[in-house]
Amino acid sequence: MARTASRSLPESARSDENSARTQMRHRRKGGKASPIDTESKELANFARLLSGPVSDPLHFFVPSSWAVMAPSLLGVAVLLALLSGTIPGAASIAILVGAALICLLAPTLSRLEAKLHHRDWRRYLLMVTVVDWPMVLFGAATAQWAADGSAFHWEMTIHAYVFMVLIATALLEGRMTSIISATIALWAGVTFVDGSGTSFLMLAAGTFFGLYLIIRQSRFAADEAARLAEREREHRRAEELLNEYEETGQGWFWETDRRGNITYVSPRISHLLGKAPHEFDGKPFTSLFSLEANAQESERTLPFHLSTRSSFKELSVRAATGEQDERWWSISGRPVMDQFDNFMGFRGSGTDLTETRKSQEHVTQLARFDSLTKLANRFQMSEWLEKVLNAPRVESRACAVFLLDLDRFKQVNDTMGHPAGDALLKQVAERLTTTVGDMGRVGRLGGDEFQVILPGHHQREGLAHIARRIIENLSQPYSIDGARVIIGASVGISICPEDGVNSEDLIRNADLALYAAKGRGRGRHHFYDEDLHSDAKERQQLEEDLRDAIASGSLELHYQPQVRTTTEKITGFEALLRWKHPKHGYISPAKFVPIAEETGLVAQIGEWALRTACKDLAQWPESVRVAVNVSPLQFANPALPAIVTNAITAARIAPERLELEITESVFLGDDKSTEAMFASLKNVGVRLALDDFGTGYSSLGYLKRAPFDKIKIDQSFVRGATVKGSRNGAIISSIVSLAEALGMETTAEGVETLDELDLIRMLGCSHIQGYIYEKALSMKAATERLSHGLSAVAKGPRSARAPRQTMLRKVLLEHGKHAYNGTIRNISQTGALIEGLWNVPVGTQFGVHLAKDYVMIATSRWCKEDRMGVQFAQPLELDDNGSVLFTPPRPKREDGEQHKLRRSA
């Protein structure tokens, strides 16, 4: 306890003195002092005692002021010489000068002592050196001087000794140990010169008595220091609690004078109001609050209480922070009287109600609004729809219900993370609200599904126009964390009373229409019609047929060759899933694979594909491999390594002949389980390929952990790579360099033309897969192909068409009285690749709405599944960068004028 007091008390006391002065300054205009004020004043006095050059008289022996003893010693010696009329001998003078010089070391030794522990014995050596030794020398020198001079009497030395003890007592500043030690040292110097037994006996008695006094004083001082330290700690603890209470902003204190003007307010409040604390001195207390009737709940009672000098408690008031930061406080106060019951002002406290009010508002917000987008939630939208359908007048019950679903939103979540997905949903909500405007209500039902309710009677053409505007606005690029994001939207529409007169029917039918819009190419709208029920039944039937196909073994694997670039030899095949329906023939995987994923059949199909591919591989040459796609659902199955091992063992093939193609989405799960799965598969001995690299998660971090043998470059990078100005070639080159640095092979997918083949070769891809060599072959056809050898010959067009720019742009196509939604994948001056329409006959003419009031006539030249190539009736215009302009043709200008405009641009 004594150590704590000696080390920390002075500094903390000085801090408390400042705190006490601050509180007294703030309360200089108040009434009678409070207990805290009184205690602060006492602590300030205590701090003032310990502040300055004195650190601790109990535990520190050498003060820096002891250096004053040097001139004191010499001054007393000069005084003795003047009074006695004698001059000391050379030895005495040398001793006196040496004693003075030693005293001059006091400041240095004092700083040295401060660095030592108060129980360190070396401090006694310092005291003996700088305090005792000069006193011994002075006593010995003056005693020898008195003994040598006949005119110098002992009576003078006694007076000098008393005078020196008084000076030492003053300079040692209450250090009892040092004072007693200095006195005994002076006594010892005289005794050593006198040499009599009586002197030594008296010195011994004085020494023992001095030690007794030192021990007694030390105990008393230690108890006193402990008491003061404990009191100071309690005071600091109370003050810190009050300071923390103020600094958190949850609670604060205030005080006014008798006129209602502020004399003190917590610094936290002045900070919140954007002013310095001194700016509130003398200002009315009511200036802290907004007293407008529409901004306060109880502001009328506050002036009343202040004017009537009555106590008030927990009044809710709004802080005068302006509109940018709404903050509410609960204040309490009481009048302060002096000892004569004279009113001196108010004193009180306040607490922050902002979070409480926000919590209450948040509960209401959660009950009726979506927490992310601030749109109405499912409950409120349902409530509002019921209100429309139950209107008193029948003609007021008409309305239209839009259900919206975002296209490719899951890809954003998977590749950029859920925070980016949330940011995207907020922007979608803003655009949707702006587009709908005052025509209706917009709500978010959950996930990426939104709802729009338009009250009143509407023509289908008008609703179609609104739906197209919604799709167009939502399909414009977004900026998320500096990245450009493009999504789409599909809309299903049901109308009351045509499609139902209750909310359940309307929402169900709008949902069926939405499913139809998504099933027919996405990025379009669809009205409900009776046929959708049959479509839903057809889908259900397709699901049942798929289950039967799995059970009966009707699924097939077709194999597309993978060719080494340098040797043009087939090194392997990729197994592609095919389903030949007994009634509908071959069905596109894009149609039945989503059904398999939704129903959980994809794991069963994947296991069958593994076994079948291994069995077929056993019939082919040893140098040929087979690649099988593994879905994220399969990859997450802990039994996958055992399934792969069983398939390899049953087919009796080498494990390295099997290659598993894995997409980047598997890295979105648990890192530890993902790494464990990779390790297990590599222990089996199979090869691993990263499929569709660059189109999904696309983080390079996993490449240093995942043991891939090959990277497959998605065909979206190959498409348009040969077009002038395309960056796809640079991306492919970077992927190849990265793979080579990591010791991995590369396969470019979707190579269809000779110029693409030349570019891929030049960029260094190790393998090529695409129609340029072969389409996917059945098992029988692949076996027959291998019987003719492994050499592959490139066959395909040498691309000579106009340069195309890739894009993803929604357009409207008109044919007769029908309108269709499509998506332009790439476009040139003379034609475009449009997807979204199935089985379009060659030669069909469309009016393609490239932009508002800009329609181009186009003729279909080919169609494959949902893609078709169209040729424009006349070439499109290009901008200065060679890009297609989606604006109406400009009026013809003279050549000179046109050149001038281009130069200025």
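Residues numbered from 1 in each chain as written. Predicted model: local features only at pLDDT ≥ 70, side-chain atom pairs only at ≥ 80, totals over all residues. Heavy atoms only, no water.

**Student:** Go over the overall build of the protein, please, and point to the residues and values.
**Tutor:** Per the secondary structure count, the protein includes 28 helices and 28 strands. Evaluated residue by residue, the protein yields a buried proportion of 46% over its 905 residues. Across the protein, the fraction of contacts at a sequence separation of at least 24, relative to all contacts at a separation of at least 6, is 63%. Of the roughly 46,300 Å² of accessible surface on the protein, 55% is carried by carbon and sulfur atoms. (Helix = DSSP H or I, 4+ residues; strand = E, 2+ residues; numbered from the N terminus. Buried < 20%, exposed > 50% of the residue type's maximum accessible area, 1.4 Å probe, protein only. Contact = heavy atoms within 4.5 Å. Areas by Shrake-Rupley, 256 points an atom, 1.4 Å probe, with all protein chains shown as cover.)

**Student:** So what about the sheet that holds strand E27 (residues 854-864)? Which residues, and what values?
**Tutor:** The strands making up a sheet are joined through hydrogen bonds of the backbone, oriented either antiparallel or parallel. Pairing is antiparallel around the closed barrel formed by six strands, whose spatial order is E23-E24-E25-E28-E27-E26. Strand-to-strand twist across the sheet, computed as the mean angle between neighbouring axes with direction ignored, equals 45°. For strand E26 (residues 845-851) and E27, the ladder comprises six bridges, and the chain directions are antiparallel. If you follow His849 over to E27, its bridge partner there is Val855. (Pairing = 2+ DSSP bridges. Axes fitted to C-alpha atoms, helices over the stretch in contact; angles between N-to-C directions.)

**Student:** A description of unusual backbone geometry should follow, citing residues and the corresponding values.
**Tutor:** Following Cys496, the chain continues to Pro497 via a peptide bond in cis, the omega torsion being 15°. Topologically, Pro497 is positioned in the loop between strand E12 (488-496) and helix H17 (503-519). One non-glycine residue with positive phi stands out, namely Arg408, at about 65°. By secondary structure assignment, the location of Arg408 is in the loop between strand E7 (399-407) and helix H14 (409-416). The phi dihedral of Arg652 falls on the positive side, at around 60°, and the residue is not glycine. For Arg652, the location among the structural elements is in the loop between helix H22 (640-651) and strand E18 (658-663).

**Student:** For helix H5 (residues 106-114), give the residues involved together with the corresponding values.
**Tutor:** Spacing of three or four residues puts side chains on the same side of an α-helix, whose turn is 3.6 residues. Within the sequence span of H5, burial applies to Ala106, Leu109, Ser110 and Glu113. Projected down its long axis, H5 shows its buried positions confined to an angular sector of 105°, all on one face. Turning to H5, the residues buried within the fold contact helix H4 (90-103) and helix H6 (122-148). (Arc of directions from axis to C-beta.)

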